Amino acid sequence: MREHAQRLTGLGTTIFAEMSALAARTGSVNLGQGFPDTDGPDSLLEDAIAAIRAGANQYAPGRGVPTLRQAIVDHQKRFYGLEYDPDTEVLVTTGATEAIAAALLAYVEPGDEVIALEPYYDSYAAGIAMAGGHRVPVTLRAPDYRLDLDELRAAVTPRTKVLLINSPHNPTGSVLTDPELRGIAGLAIEHDLVVITDEVYEHLIYDELQHHPLASYDGMADRTVSISSAGKTFSVTGWKIGWITGSPSVVTAVNTAKQFLTFTSGAPFQPAVANALALGNEYFDALRADLQARRDLLCDGLESLGFEVHRPQGTYFVTTDVRPLGYTDGIDFCRMLPDRAGVVAIPHQVFYDNTESGRPLVRWAFCKQPHILQEALTRLTQL
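The protein chain goes by N-succinyldiaminopimelate aminotransferase in an unreviewed UniProt entry, where it is assigned to Kribbella caucasensis. UniProt, in its Cofactor (unreviewed entry) section for the protein chain, records the words "pyridoxal 5'-phosphate".

Next comes the structure, spelled out in structure tokens:
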């Protein structure tokens, strides 16, 4: 049998699958894979049930149902002052993962370079490889994970085509600042680069910080593929309802690839998400407050156990350095942890090309119920 295409080399079973299987085998508390252990708002769930019963069970329009596209437009105007046309500047996707893959397929030619901020979500590496691109990392370094604009500038070459930006950033929880975003925008304009921005954690920002979409900066509207989804904001990661916003040419380019991936999906979920996007500010405020409290519960507990904790500004992940506990390798630590303490976490190394930068770092998810987080902390005392 012939070997698979070389661009798939290294894209084996994800660390999430490995660690989730280990959690199941050992009965561990799973703070590895980033999904909540409670459902989203009742109104959202009931709206999906009503849509199923009303017959919304066949193919949805390729670009998404009109009510959802309009709701996305309203959301962007309400929170960021950005204005889009629901017919030409919005595309509904099968989660943000498909949106990222389709955007990369739309803009990356074989041999093009894609700059990504590392550590990065593992689907970025896969998407770049499947598009035939070459991944160029710019590293966010512990403990504050700030973007070095000089390092970013130095990474740009004549072969650079795309900047892949993630803020709030998974897995570090860093939120890009206004000077950092202005620096990215200036570089993109200077070198005529496309910018793909993964903003799925846009409503999961703490300590009164704010999310600022890169598309809102001067000169960026026509070169930015802005991506978000319902999964993180409404705790329905299994629904896989994502979207992009951008200029008509951007949306057309991405849809050209996307239509041959899934064409469409989630027909009864789309109108439910449309209604959820219109929820009052109290929902979004309560979401942030609740997750910030869970963040602090886990961070304080891990600090008390001796970990060096890098408290995140956003997302629902916290990073720790395991060296104060006498460990040096995050992969070894995470593979040992389920049998030793009955807890699962994710090693940072798998998110890096420069693996030494992530070797002693481990990511924990705090999107779990407080009693689950407390149980994990109790088990970790065995270390």
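On we go.
Participant: Sorry if this is basic, but what is going on with the pairing of strand E10 (residues 317-321) here?
Facilitator: Strand residues, when the strand is regular, have side chains that alternate between the two faces of the sheet. For E10, the tally of buried residues reaches five of five residues, placing the bulk of the element in the interior. Across three bridges, strand E9 (residues 308-310) lies against E10 in antiparallel orientation. Residue pairing across strands places His310 opposite Thr319, the latter belonging to E10. Here five bridges tie E10 to strand E13 (residues 361-365), and the two strands are oriented antiparallel to one another. The residue of E13 that forms the bridge with Phe317 is Ala365.

Participant: Got a minute to help me understand the sheet that holds strand E5 (residues 160-166) in this structure?
Facilitator: By way of backbone hydrogen bonds, the strands of a sheet pair with one another, either parallel or antiparallel. Taking strand neighbours across the sheet as the criterion, the seven strands line up as E2-E8-E7-E6-E5-E3-E4 in an open arrangement whose pairing is mixed. The open sheet terminates on both sides in strands that have one partner only, identified here as strand E2 (90-94) and strand E4 (134-139). Strand-to-strand twist in this sheet, taken as the mean axis angle between neighbours without regard to direction, amounts to 25°. Here strand E6 (residues 194-198) pairs with strand E7 (residues 224-229) via four bridges, running parallel. Pairing of Ile196 across the sheet is with Val225, part of E7. Its contacts with the sheet put helix H9 (residues 248-258) on E2, E7 and strand E8 (241-245), and the angle it makes with E2 is roughly 25°. Contacting E2 and E8, helix H10 (residues 269-277) runs over the sheet at an angle of about 65° to E8.

Participant: Can you help me understand the pattern of salt bridges in this one?
Facilitator: When the charged atoms of two side chains with opposite charge come close together, those side chains can pair. Following the criterion strictly, the structure yields 24 salt bridges and no others. The partner of Arg295 in a salt bridge is Asp207, and the shortest N-O contact between them spans 2.9 Å. A residue pair is termed long-range when its members are at least 10 positions apart, and Arg295 in helix H11 (residues 281-304) and Asp207 in the loop between E6 and E7 qualify at 88 residues. Classification of Asp207 by relative accessible area gives partly exposed; the value is 41%. Ionic contacts of the salt-bridge type, sharing partners, join the residues Asp207, Arg295, Asp296, Asp300, Glu303 and Arg311 into one network.

Participant: So what exactly am I meant to see when it comes to the sheet that holds strand E12 (residues 346-347) here?
Facilitator: The strand order across the open sheet formed by four strands is E9-E10-E13-E12, and the pairing between neighbours is antiparallel. Every interior strand has two partners, whereas the edge strands, E9 and E12, have only one. Docked against the sheet, H11 engages E9, E10 and E13, running at close to 10° with respect to E10.

Participant: Can you help me understand the domain arrangement of the protein chain in this one?
Facilitator: Buried accessible area, meaning the area lost when the parts come together, often serves as the stated size of an interface. By domain assignment, the protein chain separates into domain 1 (6-40 + 282-381) and domain 2 (42-278). Taking the mean C-alpha position of each, domain 1 and domain 2 sit 24 Å from one another. Listed as interface residues are 35 residues of domain 1 and, on the opposing side, 42 residues of domain 2. Surface buried jointly by domain 1 and domain 2 totals about 3300 Å² across both partners, of which 57% is contributed by carbon and sulfur atoms. There are two salt bridges connecting domain 1 and domain 2.

Participant: Mind showing me how you'd approach the packing of helix H1 (residues 15-26) against helix H12 (residues 330-341) here?
Facilitator: When two helices pack together, their arrangement is given by the angle between the helix axes and by the axis-to-axis distance. Two elements in contact, H1 and H12, have axes separated by 9 Å at closest approach and are oriented at 15°. Comparing their axes, H12 and H1 come out roughly parallel. Pair H1 / H12 crosses with right-handed handedness. Judged by residue contacts, Glu18, Met19, Leu22, Arg25 and Thr26 of H1 engage Cys334, Arg335, Pro338 and Asp339 from H12.

Calculation criteria
Residues numbered from 1 in each chain as written. Predicted model: local features only at pLDDT ≥ 70, side-chain atom pairs only at ≥ 80, totals over all residues. Heavy atoms only, no water. UniProt positions renumbered as here; feature names shortened; annotations may be inferred. Buried < 20%, exposed > 50% of the residue type's maximum accessible area, 1.4 Å probe, protein only. Helix = DSSP H or I, 4+ residues; strand = E, 2+ residues; numbered from the N terminus. Pairing = 2+ DSSP bridges. Axes fitted to C-alpha atoms, helices over the stretch in contact; angles between N-to-C directions. Contact = heavy atoms within 4.5 Å. Salt bridge = Lys/Arg side-chain N within 4 Å of Asp/Glu carboxyl O. Domains from an automatic or database assignment. Buried area = accessible area lost by both parts, 1.4 Å probe. Parallel < 35°, antiparallel > 145°, perpendicular 65-115°, else oblique. Left-handed = near helix turned anticlockwise from the far one by under 90°.

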